[in-house]
Amino acid sequence: DGMNVLFIVVDDLRPVLGCYGDKLVKSPNIDQLASQSIVFSNAYAQQAVCAPSRVSFLTGRRPDTTRLYDFYSYWRVHAGNYSTMPQYFKENGYVTLSVGKVFHPGVSSNYSDDYPYSWSIPPFHPSTEKYENYKTCRGKDGKLYANLVCPVDVREMPGGTLPDIQSTEEAIHLLNIMKTNRQKFFLAVGYHKPHIPLRYPEEFLKLYPLENITLAPDPWVPEKLPPVAYNPWTDIRQRDDVEALNVSFPYGPLPDDFQRQIRQSYYAAVSYLDVQVGLLLNALDNVGLSNNTIVVFTADHGWSLGEHGEWAKYSNFDVATRVPLMFYVPGMTTSSVSQGARIFPFLDPFSHTVGSAPQGQSKIVVELVSLFPTLAELAGLQVPPVCPETSFGVALCTEGTSIVRYFSVSEEKGEEGKEGCDDTDRCFNEEPVAFSQYPRPADTPQWNSDKPKLKDIRIMGYSMRTIDYRYTVWVHFDPDNFSANFKDVHAGELYMVETDPNQDCNIYNNTSHGWFFKKILG
């Protein structure tokens, strides 16, 4: 009774996938999953950096409630003893399992990935994870470097493998055990790629000849971008190959040919990831569980690939906050699936050329903080209550709301992005909004602008995305009492999606924005 859950979360994956309309990428296995799923094309993370985003969606609370904006505190000690999504499933009779990077490792998950609260057995980490930042990339001179762009011969790697390959093997092993023991499970699998370094099996480069790779459509810093909004991509500057280019701080730019190589390797890493996802989903078929397992596929945030002259995450732009999000629910997103049916045959990206369209697509704006209540509802568990205004003392509640009500939205309504309501009390009279935020240490780009520690945060950029616009205000923030002062606005941004989809033309200073400001305060 009740469905299993396979929860796949990818590090730094923006929606460069065939099922999201990308024409260059080869992602047949994720596209095949999408063809059986409801796909949300406007899904956003609450902060575009790993630990804060993951703690946010795993607890169902926003960063201002987890009080985690960096990597250096554990919410149960620092904010409140909040239940997590896997903990809730565990308390409701599920075996909960974590493979790879699900929680961000380290202080922010108590050096244990929140075990034993969240997981039934200690989480699995690939043994080769520790080599991620070692010098394993062979340069043109034959020497080894710690590069950003790092296609490798897997046989030459320590252990003869890579972390995501090990994670897939372990997840398949656990699926087999769950099948044998007939245990209801919540299995979370966290993949590392396409997180930097872009280290993947070199054969995937063949899918992306360099001459087919373009620059970003807007590879320059926008004229009216407030300096506080810019992220100076410090982490990639520290890689050997980028350091050798000696680009100026903070704006660069990187040479065009190197920009193309980064974009090429990001795509290659996505196809390598797609193979791992394909093997995992094929194993779900093999153990005969595709007919009673919910599959969720998402990422912790996106990654800039040269847009606005930026690289990496660490901003409030769509390229950093927008994520893929899809739900496969047997009998709901597809007609009921018979036991043992092959839903996910493995597709080889080297030979499989025809993409498959999503089963259903919703343009409604949704947030990752809604994952917890959504999965609870899909699994038939009681949906945790919505949090009161201040919820530090409340162990079980969520600040997101279930988005299951959008699953049956027809394409026509999806076009509007404001419908999908049938006058029930659960219907919002307001259009859906996604909130994201990003901290900064100063009004201009510094060496620690991308990842300021809590004590160094002076400004918080609060950002609001609807189907029509993105509005951001950068306001004074006091890290001692976690308070934002909306009366002290340092800068603002306003982009209209229809006329400026890439968010290059900031019209904040020539627009009256009292209405937006009220809404972001609300």
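The structure reproduced in this document is the subject of the present report. Quick caveat: nothing in here was measured; it's all calculated off a predicted structure.

**Some details on the layout of surface pockets**
Quantified by volume, the largest pocket comes out at close to 1500 Å³. Lining the largest pocket are 45 residues, with R62, E399, F435, I520 and G522 sitting closest to its centre. At the level of secondary structure, the elements contributing two or more residues to the lining of the largest pocket comprise helix 3 (63-66), strand 13 (360-367), strand 14 (434-440), strand 15 (459-465), strand 17 (483-496) and helix 13 (514-521). Across the lining of the largest pocket, the residue classes tally to 22 nonpolar, 13 polar and ten charged.

**Notes on the environment of G2**
Within the secondary structure, G2 is located in the segment before strand 1 (4-10). C-alpha of G2 to C-alpha of N292: the two residues are 290 residues apart in sequence and 7.9 Å apart in space. In contact with G2, not counting residues within four places along its chain, are Y94 and K184.

**Section: the packing of aromatic side chains**
Tallying each qualifying case throughout the model produces 30 aromatic pairs. With centroids separated by 5.2 Å and ring planes inclined at 90 degrees, the aromatic side chains of Y131 and Y134 adopt a geometry described as edge-to-face. When its relative accessible area of 47% is taken as the criterion, Y134 is described as partly exposed. Their ring planes at 15 degrees and their centres at 5.8 Å tell us that Y266 and W303 sit as a pair that is stacked. Residue Y266 is located in helix 9 (residues 256-286), and its partner W303 is located in the loop between strand 9 (293-299) and strand 10 (304-305); the two are separated by 37 residues in the primary sequence.

**Some points on the state of the cysteines**
Enumeration according to the criterion identifies two disulfides in this entry. Through a disulfide, C137 is tied to C150; the S-S separation comes to 2.2 Å. Every disulfide takes its handedness from the sign of the S-S torsion; for C137 and C150 that torsion is -100 degrees, giving left-handed. With C137 in strand 4 (residues 137-138) and C150 in strand 6 (residues 149-152), the pair connects residues that are 13 residues apart, well separated along the chain. Among the residues examined, C137 registers a relative accessible area of 3% and is labelled buried.

**Considering the sheet that holds strand 3 (residues 95-100)**
The sheet built from seven strands is open, its strands ordered 3-7-1-9-12-2-13 with mixed pairing. Looking along the sheet, the strands with just one partner apiece sit at the ends: strand 3 and strand 13. Sheet twist, expressed as the mean angle between neighbouring strand axes with direction ignored, is 15 degrees. As paired elements, strand 2 (residues 38-44) and strand 12 (residues 322-328) share five bridges and run antiparallel to each other. The partner of F40 across the bridge, within strand 12, is L325. On the sheet, helix 11 (residues 371-378) packs against strand 1, strand 7 (185-191), strand 9, strand 12 and strand 13 and is oriented at approximately 165 degrees with respect to strand 9.

Thresholds, definitions, all that
Each chain has its residues counted from 1, running along the sequence as written. The predicted origin of the model limits local features to residues at a pLDDT of at least 70 and limits the giving and counting of side-chain atom pairs to 80 or more, whereas totals for whole chains, interfaces and linings rest on all residues. Note that water and hydrogens are dropped before the side-chain values are worked out from all heavy atoms of the structure. Points on a 1 Å grid over protein atoms alone make up a cavity when a 1.4 Å probe fits among them but cannot get out, and a pocket when they form an open set with protein on both sides within 12 Å along at least five of seven lines; lining residues each have an atom within 4 Å of a point. Grid points are joined across faces, edges and corners, and a volume is the space filled by probe spheres set on the points. Numbering of helices and strands runs from the N terminus; a helix is a DSSP stretch of H or I covering at least four residues, while a strand is a stretch of E covering at least two. Amino acid classes used here: Ala, Val, Leu, Ile, Met, Phe, Trp, Tyr, Cys and Pro are nonpolar; Asp, Glu, Lys and Arg are charged; the rest, including Gly, are polar. Throughout, a residue-residue contact means that at least one pair of heavy atoms, one from each residue, lies within 4.5 Å. Classification of ring pairs uses Phe, Tyr and Trp, with its six-membered ring standing for Trp, and accepts pairs whose centres are within 6.5 Å; under 30 degrees between planes counts as stacked, over 60 as edge-to-face, and the remaining range as tilted. We call a residue buried when its accessible area falls under 20% of the maximum for its residue type, exposed when it is over 50%, and partly exposed in between, using a 1.4 Å probe and counting protein chains only. What counts as a disulfide here is a pair of cysteine sulfur atoms lying within 2.5 Å. Strand pairing is assigned whenever DSSP identifies at least 2 bridges connecting the two strands. Where helices are involved, their axes are fitted lines through C-alpha atoms of the stretch in contact, as for all axes, and angles between N-to-C directions lie from 0 to 180°.

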